[in-house]
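Summary of structural features
Chain by chain, the residues:
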Amino acid sequence: MATKPPQSDPVQDAPQVAGPKHAAAGLPAIGHTLRVAQQQMGVRRTALTLLRVNQKDGFDCPGCAWPEPEHRHTAEFCENGAKAVAEEATLRRVTPEFFAAHSVADLATRSGYWLGQQGRLTHPMYLPEGADHYEPVTWERAFDIVAEEIAALDSPNEAVFYTSGRTSNEAAFLYQLFARQLGTNNLPDCSNMCHESSGSALSETIGIGKGSVLLEDLYKADLIIVAGQNPGTNHPRMLSALEKAKAGGARIVSVNPLPEAGLERFKNPQTAQGMLKGAALTDLFLQIRIGGDQALFRLLNKLILEADGAVDEAFVREHTHGYEEFAAAAKAADWDETLAATGLTRAEIEHALGMVLASKRTIVCWAMGLTQHKHSVPTIREIVNFLLLRGNIGRPGAGVCPVRGHSNVQGDRTMGIFERPAPVFLDALEREFGFAPPREHGFDVVRAIRALRDGEAKLFFAMGGNFVSASPDTDVTEAAMRRARLTVHVSTKLNRSHAVTGARALILPTLGRTERDLQGSGEQFVTVEDSMGMVHASRGRLDPASRHLLSEPAIVCRLARRVLGEESTVPWEEFEKDYATIRDRIARVVPGFEDFNARVTGSAGRPGGFALPHAPRDERRFPTKTGKANFTAAPVEYPELPEGRLLLQTLRSHDQYNTTIYGLDDRYRGIRNGRRVVLVNPDDARALGAAEGSYVDLVSEWKDGVERRANGFRVVHYPTARGCAAAYYPETNVLVPLDATADTSNTPASKSVVVRLEQSATD
Ligand code: SF4
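Everything numeric here is computed off the predicted structure, so don't read it as measured data. (Residues numbered from 1 in each chain as written. Predicted model: local features only at pLDDT ≥ 70, side-chain atom pairs only at ≥ 80, totals over all residues. Heavy atoms only, no water.)

Per the secondary structure count, the chain includes 31 helices and 33 strands. Considering only C-alpha atoms, the chain reaches an extent of 70 × 60 × 55 Å along its principal axes. Evaluated residue by residue, the chain yields a buried proportion of 66% over its 763 residues. Restricting the contact set of the chain to residue pairs at least 6 apart, pairs at least 24 apart contribute 79%. (Helix = DSSP H or I, 4+ residues; strand = E, 2+ residues; numbered from the N terminus. Buried < 20%, exposed > 50% of the residue type's maximum accessible area, 1.4 Å probe, protein only. Contact = heavy atoms within 4.5 Å.)

Let us look at the site of the ligand. In the vicinity of the ligand, the contacting residues are Asn-54, Cys-61, Cys-64, Trp-66, Phe-77, Cys-78, Gly-81, Pro-236 and Arg-237. Here the residues of the shell around the ligand are counted per class, giving six nonpolar, two polar and one charged. (Near = heavy atom within 4 Å. Nonpolar A, V, L, I, M, F, W, Y, C, P; charged D, E, K, R; others polar.)

Counting residues in hydrophobic clusters, the biggest one holds 62 residues, and the most contacted among them are Phe-173, Phe-178 and Trp-572. Here this core gets eight residues from one element, more than from any other, and that element is helix α7 (residues 169-182). Formed by 51 residues, the second largest nonpolar core is a distinct cluster that contains Leu-299, Leu-300, Phe-326 and Leu-387. (Core = buried A, V, L, I, M, F, W, Y, C linked by side-chain atoms within 4.5 Å.)

Burial analysis of strand β31 (residues 708-717) places seven of its 10 residues in the buried class, the great majority of the element. Sheet topology places strand β29 (residues 677-680) next to β31; four bridges connect them, and they run parallel. Bridging from a neighbouring strand, Val-680 pairs with His-717 of β31. Here five bridges tie strand β30 (residues 695-700) to β31, and the two strands are oriented antiparallel to one another. Of the residues in β31, the one forming a bridge with Val-696 is Phe-713. (Pairing = 2+ DSSP bridges.)

Here we come to the packing of helix α14 (residues 293-306) against helix α16 (residues 323-331). Remark: α14 packs on α16, axes separated minimally by 8 Å, with the N-to-C direction vectors making an angle of 105°. By the angle between their axes, α14 is roughly perpendicular relative to α16. For the pair α14 and α16, the contacting residues are Arg-298, Asn-301, Lys-302 and Leu-305 in the first and Tyr-323, Phe-326, Ala-327, Ala-329, Ala-330 and Lys-331 in the second. (Axes fitted to C-alpha atoms, helices over the stretch in contact; angles between N-to-C directions. Parallel < 35°, antiparallel > 145°, perpendicular 65-115°, else oblique.)

With that settled, the discussion passes to the sheet that holds strand β15 (residues 399-402). Strand order in the open sheet made by the five strands is β12-β9-β8-β14-β15, with parallel pairing throughout. Of all the strands in the sheet, the pair left with one neighbour each is β12 (284-286) and β15. Taking each pair of neighbouring strands and ignoring which way they run, the sheet shows an average axis angle of 15°. As defined by bridge partners, strand β8 (residues 223-227) adjoins strand β14 (residues 362-366) across five bridges and the pair is classed as parallel. Counted as the bridge partner of Ile-225 is Val-364 from β14.

Split into domains, the chain comes out as domain 1 (16-88), domain 2 (93-185 + 418-607), domain 3 (196-403) and domain 4 (646-759). Between domain 2 and domain 3, the C-alpha centre-to-centre distance is 36 Å. In this complex, domain 2 contributes six residues to the contact, which on the side of domain 3 involves 10 residues. Taking both sides of the interface into account, the surface hidden between domain 2 and domain 3 amounts to around 560 Å²; carbon and sulfur atoms contribute 51%. In terms of surface lost to domain 3, no three residues of domain 2 exceed Glu-529, Ser-531 and Met-532, which account for 75% of the buried area on that side. (Domains from an automatic or database assignment. Buried area = accessible area lost by both parts, 1.4 Å probe.)

As a further point, take unusual backbone geometry. Residues Tyr-729 and Pro-730 are joined by a peptide bond in cis, for which omega reads 5°. With respect to the helices and strands, Pro-730 occurs in the loop between β32 (724-728) and β33 (753-759). Even without glycine at this site, Ala-25 takes up a positive phi of about 70°. Relative to the helices and strands, Ala-25 is located in strand β2 (residues 24-25).

Pairing between the strands of a sheet comes from backbone hydrogen bonds, and it takes one of two forms, parallel or antiparallel. Around the barrel, which closes on itself, the six strands sit in the order β25-β32-β29-β31-β30-β33 with mixed pairing between neighbours. Going across the sheet, the axis of each strand differs from the next one's by a mean of 45°, ignoring polarity.

Let us look at the layout of surface pockets. In this structure, the second largest pocket encloses a volume near 1400 Å³. Around the second largest pocket sit 39 residues that line it, and Ser-203, Gly-207, Ile-208, Gly-209 and Ala-422 are the ones nearest its centre. Listed by contribution, the elements that provide at least two residues to the lining of the second largest pocket are α8 (196-205), α21 (409-414), α22 (423-433) and α30 (615-619). For the lining of the second largest pocket, the residue count by class is 16 nonpolar, 15 polar and eight charged. Per-domain counts for the lining of the second largest pocket show at least three residues from each of domain 2 (93-185 + 418-607) and domain 3 (196-403). (1 Å grid on protein atoms, 1.4 Å probe; cavity = no way out; pocket = protein on both sides within 12 Å on 5 of 7 lines; lining within 4 Å. Points joined across faces, edges and corners; volume = space filled by probe spheres on them.)

Here we take up empty space enclosed by the protein. In this structure the tally under the stated criterion is six cavities of 30 Å³ or more. If you add up the space inside the largest cavity, you get close to 200 Å³. Together, 16 residues line the largest cavity, and Leu-511, Gly-512, Arg-513, Val-526 and Glu-552 are the ones closest to its centre. Looking at side-chain class alone, the lining of the largest cavity contains four nonpolar, seven polar and five charged residues. By volume, the second largest cavity is sized at about 160 Å³. Residue assignment for the lining of the second largest cavity shows that the elements contributing at least two residues are α2 (79-88), α10 (231-234) and β26 (656-657).

This is the structure:
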């Protein structure tokens, strides 16, 4: 029997701590999966639903963007994927009665966990100006309210259209089309906060802002470097791929300020051997200092350049630009300073070099640990330098592998969700739909918050997500949101962004990925693009949580017709009725989607989807400004750490997916029933007088002189790298200054925040 949602907010400030685990998954993962699934869905629905996740005729997991293997297991999902599905397919409901019982002021006092556990939204809800309770509203009235506010704007650039990475390709394509026909490129998305640094660095160096490896390449690699990523929690099925690669002879180097159980040993629940013994994954663990990755790869590049015959001269000569300048900069790197920036020993670097030189096919995988720093773009460029030196791009078993967080974040960008669209994309849009899209670049996430704060933007519309919790500088972001005339959230479940509203607010409940989507022409499917550029279909199989829900495409089409009226050149009604007509247009506007419907339905041969073209991977052709793969020679940067301070990284617990909190445990790190914890190296803690179990306030210090505080964190002595600490977001996003962003990509620098610990009044 599914259980009821928690009535009161569970106590969260008394965590139990038991020290880190050294293996991931196994029997405990099965236990947790079934417990959470049963609580949300009950037994029968659990079986019906989980067996359809990531299957060829099923629905795509709304969790991360890890690709599906050619041959799917019966249970083709991980523990955290099951939690994501269970929370969407939950039997719990948030009805108008719920909103009558809970004022916005009350909801604003609730934890993200409690809000998320209440269940699925059932009706469109409206918060009139001056009111304190949401009330039910018809869809027509809801669209009228948005149309009124848009009509009242002095310019379409006073509106912001945000996208979270769960949005399907079809909905994303329509959403950007609507915003651009309205006249704005204000299309920030969650990628601005996660892999924007990857996109910026890769576009400049190899000509395309996406990873160059497919799943099969991981199985062919003989060296895999996993840097700034915790796959055990954030991309758990990646562990199966690493296990398979190891079985094929690959060696693994993990680079992280924290030892992570998932990279130590993987107990694959799909096999008896896996369950009992498991497989050791990491061969070399480099416990890097936060922000020391560019320095690490610079030193490896220096040593490769100094090693005889280690450079793939033929590849460098034929396919690259800028080698001389880069080589000079790398050879000139000062050992002592650069080594100190890594926090590693020379012996560790040379051990890694030995593995690099023994490798013929190397892949580097990374995630937020590399992308959320001031110098993230130069860091990722240095990784490209590292791979170019030995020709590890554009051949099987080798390449760049940024691992995306959200299930369709890459697809949304491919569909045009980007505040800095390429002119060639806008030209194609103009040709296809006969209107002149705006050419002026729009707001990314950080600029959108500034615009709302400064009154430049007055309307905020979000397609999914939990913007206020995902964004940095929480107090500034929430105040900015409250300055808006209207805030609109297309959502499946309740979250904090519904309690931090503009003068007026709307919640528009939409279908989940697990649910059947019936439109005028019959049952519809949508498509997504995974982290490796594979596009595939997702077919919902469950009855919708409420008959009052609309699909994301239907919401955009009806809103566009209401706002843009009959003079719009876009066949919104046709698109709503039959998504195949949307895909036909995508096929004509977006390169690589030719014959889209035939290829994604399998009627053109390969069921299960198709790989998008990737010139560097497929042809060793690099569509950059130089027409070659570009070496770069940026100076090595790393975060400075004043005396008596720590470098804090914000991160997820194991019971969390982005800002969605599934539970209060972080099993692999030995933390239970609490989230306000700060992980500190025991020697640092002693030096700072922070006893195990004591409570501290975290105070971030930044050049704007503003002190940002997060109070009441339990000190946990943890084997982090010296000088480095860690705590969960969104609780610590308040510490990340809005203007502390990565150069070039403007991604919030959430992984290197200088903090001091102050004895907490609560201690
Ligand atoms: S690895 Fe990612 S996509 Fe796959 S089941 Fe887990 S959360 Fe879902």
